[in-house]
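# Inside the fold
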Amino acid sequence: MPAPDSTSRFSDRVENYVRYRPGYPPEVLQTLKTECGLTERHLIADVASGTGIWSRMLLENGNAVFGVEPNPDMRAAGERLLAEFPGFTSLAGTAEATTLGEASVDFVTAAQAAHWFDPARSRQEFVRILKPGGWLVLLWNERITDSTPFLREYEQLLLTYGTDYADVRHERTTESVHEFFTPAPYQERTFAMRQEFDYAGLEGRLLSSSYAPGPGHARHTSMLAELRRIFEAHAAAGRISVEYNTRVYFARLR
């Protein structure tokens, strides 16, 4: 079930989120063009659009995008970062109540967000706002936890110091994905992606996560000391790699 504070838990993470969260590989957009017939003429509701990482890719494709975001701080960051795009409309809304009109968009998308939604209520809302033949697209960057010694130690750091990491960790993000689509059959695609960081970037990436103890928390200082230790143990030429599988799920809902 969605966390009770899911719409506010990133309020104190906005700047790190903007600077250090990963984007999405270009293969995602190409898949939507090939498999869903996406063109620049389609209207898109990007739900829980946050700071606009995924919205930007859609806008650069030429699409008009309604960015639906409940968190005022994240929404303000998205408005600032996407101000250059006349096709971007920012809306204060949630997955369960987008404020959009009935049959108003061709695609509903949610990037790195649907695990915070109420599946039944949000699906009902998506069906309501989609035009006939409209598509739902859910995507996540799922961090790989065991492909390198560094990633194994990083995962252990999160399990040791994270406030509620065990409840929201990667395998929980997609375990209920079928609830958004059923009875519609959905398709899945997976693409590899990675980020490279120096220590400052790795620290920023960690602190962009809602489960990482922030400044003032009892575990914050010791967590960063452990992060520094594992970075120095595994970095090559002052850099470290974080690897992901980008998972994309899509189907017509109407």
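Residues numbered from 1 in each chain as written. Predicted model: local features only at pLDDT ≥ 70, side-chain atom pairs only at ≥ 80, totals over all residues. Heavy atoms only, no water.

### Let's talk about the nonpolar core
Formed by 26 residues in total, the largest nonpolar core has its most connected members in Val 108, Phe 117, Phe 126, Leu 136, Leu 138, Phe 180 and Phe 181. Considering every element that reaches this core, the biggest residue donor is strand E5 (residues 130-143), with four residues. The contacts of Leu 136, once residues within four sequence positions are left out, are Val 108, Phe 126, Phe 180, Phe 181, Tyr 249, Phe 250, Ala 251 and Leu 253. Tyr 165, Met 223, Leu 227 and Val 242 belong to the second-largest nonpolar core, a separate cluster that totals 24 residues. (Core = buried A, V, L, I, M, F, W, Y, C linked by side-chain atoms within 4.5 Å. Buried < 20%, exposed > 50% of the residue type's maximum accessible area, 1.4 Å probe, protein only. Helix = DSSP H or I, 4+ residues; strand = E, 2+ residues; numbered from the N terminus. Contact = heavy atoms within 4.5 Å.)

### A few points about the pairing of strand E7 (residues 240-252)
Within E7, 11 of the 13 residues are buried, which leaves the element mostly enclosed by the surrounding structure. With nine bridges connecting them, E5 and E7 associate as antiparallel partners. By the bridge assignment, Glu 142 is partnered in E7 with Asn 245. For strand E6 (residues 187-197) and E7, the ladder comprises 11 bridges, and the chain directions are antiparallel. Directly across from Met 193, in E7, lies its bridge partner Tyr 244. (Pairing = 2+ DSSP bridges.)

### Overview of the packing of aromatic side chains
Applying the stated criterion across every chain, the model contains 10 aromatic pairs. Residues Tyr 24 and Trp 54 carry aromatic rings whose centres are separated by 5.9 Å and whose planes lie at 80 degrees to one another, so their mutual orientation is edge-to-face. Here the residue Tyr 24 occupies a position in the loop between helix H1 (14-20) and helix H2 (26-36), and Trp 54 occupies one in helix H3 (residues 53-60), the gap between them amounting to 30 residues. Both residues of the pair, Tyr 24 and Trp 54, count as buried. Taken together, the aromatic side chains of Trp 140, Phe 181, Tyr 186 and Tyr 249 make up a single cluster linked through ring pairs. The ring centre of Tyr 199 lies 3.8 Å from the NZ or CZ of Arg 228, which sits over that ring. (Phe/Tyr/Trp six-rings, centres within 6.5 Å; stacked < 30°, edge-to-face > 60°. Lys NZ or Arg CZ within 6 Å of the ring centre and 35° of its normal.)

### A word on the confidence of the model for the protein chain
The pLDDT averaged across the protein chain works out to 91; a share of 92% of its residues lies at or above 70. Across residues 6-11, where pLDDT falls below 50, the model places 18 contacts with residues more than four positions away in sequence or in other chains. (pLDDT = per-residue confidence, 0-100.)

### Examining helix H11 (residues 220-234)
Between its first and last C-alpha, H11 extends 21 Å over 15 residues, near the 21 Å set by a 1.5 Å rise per residue. Buried within H11 are the following residues: His 220, Met 223, Leu 224, Leu 227, Ile 230 and Phe 231. Buried residues of H11, seen end-on, are gathered within an arc of 125 degrees and therefore sit on one face of the element. Opposite the packed face of H11, turned more than 90 degrees from it, sit the exposed residues Thr 221, Glu 232 and Ala 233. Residues of H11 that are buried in the fold lie against helix H6 (149-161), E6, helix H10 (199-207) and E7. (Expected span 1.5 Å × (residues − 1). Arc of directions from axis to C-beta.)

### Re helix H4 (residues 72-81)
For H4, the set of buried residues is Met 74, Arg 75, Ala 77 and Gly 78. Along the long axis of H4, the arc covered by the buried residues comes to 160 degrees, so they all point the same way. Where H4 is buried, its residues contact H1 and strand E3 (88-91). The N-cap of H4, judged by a side-chain oxygen 2.9 Å from the amide nitrogen of Asp 73 a few residues on, is Asn 71. (Polar contact = N/O pair within 3.5 Å; in protein donor to acceptor, adjacent residues only side chain to side chain.)

### Section: the sheet that holds E3
If you trace the seven strands from one edge of the open sheet to the other, you get E3-E2-E1-E4-E5-E7-E6, paired in mixed fashion. Each edge of the sheet is formed by a strand with only one pairing partner; in this case those strands are E3 and E6. If you compare each strand with its neighbour and ignore which way they point, the axes differ by 20 degrees on average. Those strands touched by H10 are E6 and E7, and its axis lies near 135 degrees from that of E6. (Axes fitted to C-alpha atoms, helices over the stretch in contact; angles between N-to-C directions.)

### Some points on empty space enclosed by the protein
If you walk through the whole model with that rule in mind, you get two cavities of 30 Å³ or more. The volume enclosed by the second largest cavity comes to roughly 40 Å³. Around the second largest cavity, the lining residues are Arg 143, Tyr 154, Leu 158, Arg 205, Leu 206, Ser 209, Tyr 211, Val 242 and Tyr 244. Elements with a minimum of two residues in the lining of the second largest cavity: H6, H10 and E7. The residue makeup of the lining of the second largest cavity, split by class, is six nonpolar, one polar and two charged. (1 Å grid on protein atoms, 1.4 Å probe; cavity = no way out; pocket = protein on both sides within 12 Å on 5 of 7 lines; lining within 4 Å. Points joined across faces, edges and corners; volume = space filled by probe spheres on them. Nonpolar A, V, L, I, M, F, W, Y, C, P; charged D, E, K, R; others polar.)

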